[in-house]
Amino acid sequence: MILKIFLKELKDTLRDKRTLIMMVVIPVLVFPIVLNLFVTVSSSFEKDAAMQRVKIGFVGDAQSPVIAGFLEMPAAMGKKDLIPYPNEKALLQDVKNDSLQMGIIVPDNYQEKMDSMEAVTCEVYYDATDLGIKDRAKSYMEYVEKSARDKRYKSMNLDETKFQVILTNYNNTASDKEMIGKLAGGILPYIFIAFGFIGCMYPAIDLFTGEKERGTIETLLTTPVSRLQILIGKMCVVALSGLLAATCALVGLYLSIEVFNLVDNEEILSIVRGILTPSFIIMLFLLLFPLTVFFAGVMIPIAVYAKSFKEAQSIITPLNIVMVLPAMIGLLPGIELNYMTACIPVINVVLATKELIAGTLEPVLLLLSFGIMVTLAMIAVFVSYRHFGKETNIVM
Amino acid sequence: MIKVENLRKEFPLGRTLQKELATKEKIAVAVDNISFQCQPGRIFSLLGPNGAGKTTTMRMLSTIFKPTSGNIEIAGINAVTNSRDARRKIGFLTGSTGLYARLTPNELIKYFADLYEVSDADFKIRKEKLFDLLDMNDFQNKRIGKLSTGMKQKVSICRTMIHDPEVIVFDEPTSGLDVITAENIISLIRDCKNDGKTVIFSSHIMSEVDLLCDDMAIVHKGKLLYNGTMENFRSNQQESSLTAEFIRIIHESNAATV
């Protein structure tokens, strides 16, 4: 009987345009759109930054090693105009009103300092809201400083290499897969969880509040089917809808990479292809299934209690933030899956998925996370049943 | 047969409801100790003004609500202790019943037949008979959401009858319907009676009651004011019309309560 209810509700749900848009269309499109947007914006930003001609104002002697260093700079370091300024006040004014991207003050006593082998302190001004200008100013000044240092070593007949006492080589022991898993791996489960929730939302409201509003629940309750059977049949559809939305998000990711070729970095491509394996997908769904049942279990009592579609929507929509917030915590660096975090719902799924992507997931922690989610899902089913059984909740 | 004994239904009143109803009572008594019997092959009408307790009684008969106390017997089955078996014997139709708009009449009728565990062979025979009788063949594969009110009502009737119930509960079945659709329902109620089924229907349309009923009960504020045959009611009526007599009884009850 549960199967019959499930199949009917599934058919009914799949014929609802609003649910289909939320459950299939948006999740499929989100990855291609986000990736496309990211690639377009970042490539145009990089292009703009390289092409942009910066105006650099300076106060001080044009013959000083600082300004001379700027003039010697290779063209590959970006196009620039050097503009002399009579005083610091006018220079600062122009940096503030964006007429200049950078301002340099060369002290009047630079020659004295050079002669006495002391360091010359230069002031560099920039507006950090102009993205990328700080890095550009830093690279220019590093070039100028190195050029002046080389000249000083030369004038002193010194070998620069003799002053390098310790040379450090930094070696990363994490594989590329682990790096992606730990750093960016949280984004994927976050998206799956968010869509899992959204996917559950409309069917939950439609199958419970909607039935109440349309008056169909009354006829269903007069059939010789128990309320528990009705609840489980409907709940399975709600949970499946959440899983379907998460699956569609996964399909969207696959399409972005394999069909639309939105990622052209070979390293990232091979890592993502390595992630999209049957074993990863099975493990992911093992975690997402109890999560969507839990989501369904949280939404159903609200949907049963609400008197109208609008009322249910207005309560469940803010709940989205409450539920997805722990998923965002999982994105933070330093938060790892351990015996404590494995017991916190939603966070455990995010962290376990991250570890899964990185290939560092411990089976005990996976089982613990799964166990916690299954327990919560069962509690959610029980709570839903209690609410669904209340006479005042099921008929208007 | 339907046998109702000392039926009572209380609803807890939360703070919001207490405020809305301007009362400090913690419970509201919707149905207060009522008893009646409906015989097979006869039509029993439950009359009463809005808020009298008709719908609550009908919902208890169809096992949607559980009585606070009292007993209901449906075709020999105790509907309070064995509601699931009782439900197999009941067909329930209201004027406000919704249908699944995204299903076709064919799919909906099959779904309910499955829920009532009707065998495939019985389903085929009954479906054919009901679809012919209600002239539903032309729109059996159209989505219900695209059907007219009259067509929808036919689908509702078909859904109520697909498991061939012994007892049929009609809760204000013609409310809000046009004359032609209402006539279909009236004719169905008459057919049910002729088939020897037990029929109970609640209404506040006196002409329907006058036309159809063999027995009737009047409820007001959850209490039973009259229970007997239509013949007996007519022979004792003090006013010229059924409507006027009904109003008199209600006013008399109100005056007695004050």
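Residues numbered from 1 in each chain as written. Chains lettered and ligands numbered in written order. Predicted model: local features only at pLDDT ≥ 70, side-chain atom pairs only at ≥ 80, totals over all residues. Heavy atoms only, no water.

### Quick look at unusual backbone geometry
All names here are of chain B.
Step number 1: Not every positive phi belongs to a glycine, and Asn6 is a case in point at roughly 45°.
Step number 2: Relative to the helices and strands, Asn6 resides in strand S1 (residues 2–12).
Step number 3: Given the relative accessible area of 42%, Asn6 is considered partly exposed.
Step number 4: Although it is not a glycine, Asn33 adopts a positive phi angle of roughly 55°.
Step number 5: Looking at the secondary structure, you find Asn33 in strand S2 (residues 27–38).
Step number 6: Accessibility expressed as a relative area gives 48% for Asn33, which makes it partly exposed. (Helix = DSSP H or I, 4+ residues; strand = E, 2+ residues; numbered from the N terminus. Buried < 20%, exposed > 50% of the residue type's maximum accessible area, 1.4 Å probe, protein only.)

### A short note on the sheet that holds strand S4 (residues 123–126) of chain A
Residue and element names in this part refer to chain A.
Step number 1: Strand order in the open sheet formed by four strands is S2-S1-S3-S4, and the pairing between neighbours is mixed. Each edge of the open sheet carries a strand with a single partner, namely strand S2 (80–84) and S4. On average, adjacent strands in this sheet sit at an angle of 20° to one another, irrespective of strand direction.
Step number 2: As paired elements, strand S1 (residues 54–59) and strand S3 (residues 102–105) share four bridges and run parallel to each other. Across the sheet, the residue bridging to Phe58 is Ile104, located in S3. (Pairing = 2+ DSSP bridges. Axes fitted to C-alpha atoms, helices over the stretch in contact; angles between N-to-C directions.)

### Notes on the interface of chain B and chain A
Step number 1: Contacts between the two partners involve 30 residues from chain B, matched on the other side by 29 residues from chain A.
Step number 2: Carbon and sulfur atoms supply 55% of the area buried between chain B and chain A, which totals about 2800 Å² over both sides.
Step number 3: Put simply, chain B and chain A have six salt bridges between them.
Step number 4: A salt bridge links Arg102 of chain B to Asp16 of chain A; the nearest nitrogen and oxygen atoms lie 3.6 Å apart.
Step number 5: Remark: the boundary between chain B and chain A carries 15 residue pairs in polar contact (both at pLDDT 80 or more). (Contact = heavy atoms within 4.5 Å. Buried area = accessible area lost by both parts, 1.4 Å probe. Salt bridge = Lys/Arg side-chain N within 4 Å of Asp/Glu carboxyl O. Polar contact = N/O pair within 3.5 Å; in protein donor to acceptor, adjacent residues only side chain to side chain.)

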